Amino acid sequence: MASSNSTFPPPPSLSSKYSGIPDRLAAIGVESKNRLLSKSTLPESAPRHHDVPRLPPDTTRAEFNQAIGELKQILGDQNVELNDRPLVDGWYLEHPNTHDAFHIALQEDLVSSAVVYPGTVEEVQTIVRWANKHKIPVYPISMGRNIGYGGTAPRVPGSVVVDLGRRMNRILNIDAENASCLVEPGVSYFALYEEIQRQKLPLWIDTPDVGGGSVLGNAIDRGVGYTPYGDHFANHCGLEIVLPNGELLRTGMGALEGKDGADNPTWQSFQPAYGPYSDGIFSQSNFGIVVRMGMWLMPETGHQSYLITFPRDEDFPAIIEIIRPLAQQRVLGNIPQLRHVIQELATTAQPKSAFHSSSGPIPRETIRQHASSLPVGDVSWVFYGTQYGDAASISSQLNLIEKAFGVIPGAQLRLPSDLPPEHYLHSRVSVCSGVPVLRELDWLNWVPNAAHLFFSPIVPTRGRDAEAVHNIVVRLHAKYGFDLFPTLCVAGREMHYIVNIVYDRASVDEKRRAAALMREMIAETAAEGYGEYRTHVLFADMVAATYSWGDNALMRFNETIKDALDPNGILAPGRNGIWPKRFRGKGWEILGTEVEEALDGKGIGPSSS
Ligand code: ADP
């Protein structure tokens, strides 16, 4: 347990550790860590209740020990670690690879049995063959910073986590002419950005809100960023994959060998190559372990970030109606975000208790009172955008945008120069021009021991659809007693309506309510025709089950592929709701209140596992 004036060891630097923080952010890292951990009321670690290490399913301790002994012999003792010590949640830059740091069930429910660190593609192949021999499930991670979606936790407790990042973190190539790179799984946005600066190349990366994630892992999980190259999977070019049987595959032009055995010269230039475009089935799936990925980089250009405030809550659908044509015409330079003013409070990094002393969600009137003393004032919705190009085109784009939104009474456009240096817009300037930062972690100070879950439905960019989803989300947040933090990433035809449920990891009651809120939001929005683009591992079955058109044709197709590629069901069983034959229909699927029940100590998975 920490006192409010504790100081913690500084986070590792990028020069000392592949997953560390660049020197330019060292002071911010220290401040962010101290602020967050000093509010923790949890002990650093708690005693474990189950026998350790947790065994993989259908494996005796003797069989497990023998299999691990074999793995150590092949890879070296130092590259195989048993998960038998107390679990430490850590924080963003020092996250665990033993479990989900943002546990929504009990901390011990989603644990691995061991973690293995391959150093080469051949070693990844060896691990996969070992897993097939012993029928032990393996769960690949790149950096493991998939926070809010399950972190490093395998869906099947007792799986062996394959932590690719620790020893496979090279930037294999940066091609300045082609504006592309080829990376291994352990290359973070921080690392790629710093290398491009070191080489003084006029290229941008595209980063998500926080820069510590894996460039490769985020793209294959179909994450997003905020420059014009913000759709990460759409901007990847070429994969190298270890299949569940240990074979190696290159997709795209990589399948055609270059001269004298070199990599194909257009591997990072042309995505589909010839025949079926196979890359898609390796995103958000459990069909292979991606060991290399090509990514396009954006030539640097001028940029201008801005925000537009809207005073009235009820103008929400009208704002969406204005965004749609602007986005379809590509007047908007990136995927803009529309946020509610409550987030202006949260991004000050102050706890909720600084604004609201009683329990329960913060009332609208209280938000109003506090917002009036913040830079944006007593407003309702805040639109964050960025325009690109030379000064003249940015200026003409901004004129168009200001005019379009000007029909909403009280809409007001502001530039970074209109706002104090600590305002959140300044961190958007960085993110929207490809500079990875840490700032987005600030709202984790909202409650003690904060964790979060994302609820991320895809909604047509239409006022009435936005309102339909918003009304469901508002009602269910009130029912379960959570503050609503909506961030809408709005494109021309659809928007990602992202809700961030922030809860206290120390409170079983809050976890139970957060899980019930997720369950009901998934079901209610699906009944209206809206589905999630991504979800936490524990809600994967529920989300996958909503995509049921044609008597579950899509899942039956996925299962056919899974069983063909992975007959022993060793690779990330259950990820994205895809269960191999060996596990299917045996009590692993979570379609009801199982997560809430796990909080009573029932565990995850069939009781016999
Ligand atoms: P991040 O990219 O944010 O650091 P992860 O490394 O945890 O996050 O990757 C996100 C998810 O994608 C993981 O939970 C894992 O299921 C999957 N994944 C990550 N890396 C690979 C990989 N190289 N091959 C296959 N699946 C992967």
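Here is what the cut-offs are and how they apply
- Residues numbered from 1 in each chain as written.
- Predicted model: local features only at pLDDT ≥ 70, side-chain atom pairs only at ≥ 80, totals over all residues.
- Heavy atoms only, no water.
- UniProt positions renumbered as here; feature names shortened; annotations may be inferred.
- Helix = DSSP H or I, 4+ residues; strand = E, 2+ residues; numbered from the N terminus.
- Buried < 20%, exposed > 50% of the residue type's maximum accessible area, 1.4 Å probe, protein only.
- Contact = heavy atoms within 4.5 Å.
- Areas by Shrake-Rupley, 256 points an atom, 1.4 Å probe, with all protein chains shown as cover.
- Lys, Arg positive; Asp, Glu negative; His and termini not counted.
- Charge placed at Lys NZ, Arg CZ, Asp CG, Glu CD.
- Phe/Tyr/Trp six-rings, centres within 6.5 Å; stacked < 30°, edge-to-face > 60°.
- Lys NZ or Arg CZ within 6 Å of the ring centre and 35° of its normal.
- Domains from an automatic or database assignment.
- Buried area = accessible area lost by both parts, 1.4 Å probe.
- Near = heavy atom within 4 Å.
- Polar contact = N/O pair within 3.5 Å; in protein donor to acceptor, adjacent residues only side chain to side chain.
- Nonpolar A, V, L, I, M, F, W, Y, C, P; charged D, E, K, R; others polar.
- Pairing = 2+ DSSP bridges.
- Axes fitted to C-alpha atoms, helices over the stretch in contact; angles between N-to-C directions.

Within an unreviewed UniProt entry, the label attached to the protein chain reads Glycolate oxidase, and the organism entered is Lasiosphaeris hirsuta. Regarding the protein chain, the UniProt comment filed under Cofactor (unreviewed entry) reads as follows: "FAD".

Draft legend 1. Highlighting the overall build of the protein chain. Helices and strands together make up the secondary structure of the protein chain, namely 15 helices and 22 strands. Principal axes of the C-alpha set define a box for the protein chain whose edges measure 70 × 60 × 55 Å. Classification of the 609 residues of the protein chain by burial places 59% in the buried group. Taking contacts inside the protein chain between residues at least 6 apart in sequence as the whole, the part at least 24 apart equals 74%. Approximately 23,600 Å² of the protein chain is accessible, and the part contributed by carbon and sulfur atoms is 53%. Counting 54 positive and 68 negative side-chain charges, the protein chain places the centres of these two groups 2 Å from one another.

Draft legend 2. Spatial organisation of unusual backbone geometry. For the bond running from Val52 to Pro53, omega is -15 degrees, close enough to zero to count as cis. Although it is not a glycine, Ala572 sits at a positive phi angle of roughly 40 degrees. Within the fold, Ala572 resides in the loop between helix 14 (549-565) and helix 15 (594-602).

Draft legend 3. Molecular detail of the packing of aromatic side chains. Under the counting rule described, the total for this entry stands at 12 aromatic pairs. Taking 4.6 Å as the distance between ring centres and 20 degrees as the angle between the ring planes, the aromatic pair formed by Phe316 and Trp381 counts as stacked. One end of the pair, Phe316, is in helix 6 (residues 316-328); the other, Trp381, is in strand 16 (residues 381-388), and 65 residues separate them in sequence. Comparing Phe316 with Trp381, the two get one shared label, buried. Arranged with centres 6.0 Å apart and planes meeting at 40 degrees, the rings of Trp579 and Phe583 form a pair that is tilted. Trp579 sits in the buried class, given a relative accessible area of 1%. Aromatic ring contacts, followed pair by pair, group Tyr306, Phe310, Phe383 and Phe405 into a single cluster. The side chain of Arg145 reaches across the aromatic face of Tyr92, ending 5.2 Å from its centre. In this structure, Arg428 packs its charged tip against the face of Tyr226, placed 4.4 Å from the ring centre.

Draft legend 4. Examining the domain arrangement of the protein chain more closely. Domain annotation of the protein chain identifies domain 1 (1-38), domain 2 (171-299), domain 3 (304-536) and domain 4 (539-602). For domain 3 and domain 4, the distance between their C-alpha centroids amounts to 32 Å. When domain 3 packs against domain 4, close to 1,200 Å² is buried across both sides, 70% of that on carbon and sulfur atoms. When the buried surface of domain 3 facing domain 4 is broken down by residue, Arg512, Arg519 and Ile522 rank first, second and third, together holding 42% of it.

Draft legend 5. Geometry of the site of the ligand. Residues in close proximity to the ligand total 20 residues, the closest being Ser142, Gly144, Arg145, Val290 and Arg575. Between the ligand and Arg145, the relevant distance is 2.9 Å, taken from an oxygen atom to a main-chain nitrogen or oxygen of the residue. In this structure, an oxygen atom belonging to the ligand sits 3.4 Å away from a main-chain N or O atom of Asn146. At the level of secondary structure, the elements contributing two or more residues to the shell around the ligand comprise strand 5 (138-141), helix 5 (215-220) and strand 12 (289-296). Ranked by the residues each element gives to the shell around the ligand, the list is headed by helix 5, at four residues. Of the residues assigned to the shell around the ligand, the class counts are nine nonpolar, nine polar and two charged.

Draft legend 6. Expanded view of the environment of Gly577. In this structure, Gly577 sits in the loop between helix 14 and helix 15. Between the alpha carbons of Gly577 and Asn286 there is a distance of 9.6 Å; along the sequence they are 291 residues apart. The residues contacting Gly577, other than those within four sequence positions of it, are Ala540, Asp541, Ala544 and Met555.

Draft legend 7. Up close: the pairing of strand 19 (residues 457-460). Residue alternation in strand 19 divides its side chains into a buried set, Pro457 and Val459, and an unburied set, Ile458 and Pro460. With two bridges connecting them, strand 19 and strand 22 (residues 531-532) associate as antiparallel partners. Considered in strand 22, the bridge of Pro457 is made with Glu532. Pairing between strand 19 and strand 21 (residues 494-504): three bridges, direction antiparallel. Note on strand 21: the bridge partner recorded for Val459 is Met495.

Draft legend 8. Representation of the sheet that holds strand 2 (residues 80-82). Taken in spatial order, the four strands of this open sheet run 2-4-6-5, and their pairing is mixed. The open sheet is flanked by strand 2 and strand 5, the only strands paired with a single partner. Each strand of the sheet is rotated relative to its neighbour by a mean of 20 degrees, with strand direction disregarded. Bridge analysis of strand 4 (residues 114-116) against strand 6 (residues 160-163) gives three bridges, and the strand direction is parallel. Paired with Ala114 across the bridge in strand 6 is Val160. Sheet strands touched by helix 2 (residues 61-75): strand 2 and strand 4. Its angle to strand 2, the strand with the most contacts, is close to 150 degrees. Helix 3 (residues 121-134) contacts strand 4, strand 5 and strand 6 of the sheet and is inclined by roughly 155 degrees relative to strand 5.

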